[in-house]
Amino acid sequence: MATHKTMMKILVTVKEVATVEDEFEIEGTAIADQYLGADLNEWDDYAVEEAVQLQEAGLADEVVTVTIGPEDCEQTIRQALAKGADRAIRVWDDALEDVDLLDVGAKTDILSAVVEAEEPDLVLSGVQSGDDSFGATGVSLASAVGFQWGAVVNGLEHDLEDGVASVRRELEGGVEELTDIDLPAVLTIQTGINEPRYASLRGIRQAQRKDLDVQTLADLGVDASAVEGDLELTEMYEPETESDVTVWEGGADDTAGQLAELLREKGVAQ
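Residues numbered from 1 in each chain as written. Predicted model: local features only at pLDDT ≥ 70, side-chain atom pairs only at ≥ 80, totals over all residues. Heavy atoms only, no water.

(A) Seen up close, the pairing of strand β10 (residues 164-170). Along β10, the buried face is formed by Ala-165, Val-167 and Arg-169; none of Val-164, Ser-166, Arg-168 and Glu-170, which line the opposite face, is buried. Relative to strand β11 (residues 176-182), β10 is paired through 7 bridges, and the arrangement is antiparallel. Looking at β11, one finds that Val-164 is bridged to Asp-182. Two successive antiparallel strands, β10 and β11, enclose a turn made up of 5 residues, where Gly-173 displays a positive phi of approximately 70°. (Buried < 20%, exposed > 50% of the residue type's maximum accessible area, 1.4 Å probe, protein only. Helix = DSSP H or I, 4+ residues; strand = E, 2+ residues; numbered from the N terminus. Pairing = 2+ DSSP bridges.)

(B) Just the sheet that holds strand β6 (residues 60-68), in detail. Spatially, 9 strands are ordered β11-β10-β9-β12-β8-β1-β6-β7-β13 in an open sheet, and the strand pairing comes out mixed. The two strands at the open ends of the sheet, each matched to only one other strand, are β11 and β13 (212-215). Along the sheet, successive strands turn relative to each other by an average axial angle of 30°, direction set aside. Helix-sheet contacts for helix α3 (residues 104-118) involve β1 (8-13), β6, β7 (87-91) and β8 (122-126), and the interaxial angle to β6 is about 150°. (Axes fitted to C-alpha atoms, helices over the stretch in contact; angles between N-to-C directions. Contact = heavy atoms within 4.5 Å.)

(C) Just the nonpolar core, in detail. One finds Met-8, Ile-10, Val-12, Leu-122, Leu-124 and Leu-187 to be the most contacted residues of the largest nonpolar core, which totals 36 residues. Mapped onto this core, the elements with two or more residues apiece are β1, α1 (42-56), β6, α2 (74-82), β8, β9 (148-156), β10 and β12 (185-189). Looking at this core element by element, the count peaks at 6 residues for α1. In contact with Leu-124, other than residues within four places in its own chain, are Ile-10, Leu-11, Val-12, Thr-13, Ala-47, Glu-50, Ala-51, Leu-187 and Ile-189. Formed by 24 residues, the second largest nonpolar core is a distinct cluster that contains Val-64, Val-66, Ala-113 and Val-186. (Core = buried A, V, L, I, M, F, W, Y, C linked by side-chain atoms within 4.5 Å.)

(D) Up close: the side chain of Glu-49. Examined against the element boundaries, Glu-49 turns out to sit in helix α1. A relative accessible area of 5% means that Glu-49 is categorised as buried. Contact partners of Glu-49, with chain neighbours within four places excluded, come to Asn-194, Glu-195, Pro-196 and Arg-197.

(E) Representation of the pairing of β7. Taking burial as the measure, the 5 residues of β7 include 5 buried ones, the bulk of the element. Judged by which residues are buried, β7 turns out to be covered on both faces: Arg-87, Ile-89 and Val-91 on one side and Ala-88 and Arg-90 on the other are all buried. Pairing between β7 and β13: 4 bridges, direction parallel. Each residue of the ladder has a partner; that of Ala-88, found in β13, is Leu-212.

This is the structure we're talking about:
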């Protein structure tokens, strides 16, 4: 039987996440703003790279990214455009302004509407985000839109034939599973599946000219009540360390002696 390669539209979910300095202070249920930065979510960076590689292999004719976030995040998510994505969608609405923790259900409702409008053949999502770390949005989205799914994908053959994706999945205990998944599908991408590229100066300049479409909940046909989740952040604190760490400075001779003395004190060495 003859096989043929599938030309696809790929939708990649991306997110700006907060980065935190080594030393910080907590104010109520948030980290004080002066200790925060912002960056593209690490797992999403790998998902973008995988999508762009599929396009470079001649398997996709368009890579679109979608994010849920305010205008302030545009420069961060344009990193995906600078790395090769063709256009971007940013969803924001007044109803989202006061939401401290957008839960998986709300994200699913919003992203499902984008999938319905864009009709992608393949959706790539990071396994999790570096802030809330739910690790469930990709699979929840697949269920909502009726797509097949593969979670924690750390290998994807760049030779999709007859609408089938051959993937390698990372399971518990270091076990890996090889499986074929029919398209359309949602794959959640694990770090290490590839090596994300740096955005070139040319790519950064081009990203500023690429289309970034802003859509409200009403534009997508999503009721504002969808963002009223069942989760509430009640407390934030630094976890206590379970063990003490001793750090010695100096040359090898000095630190070796100090280590030997500590081991004798602990009864590990004579």
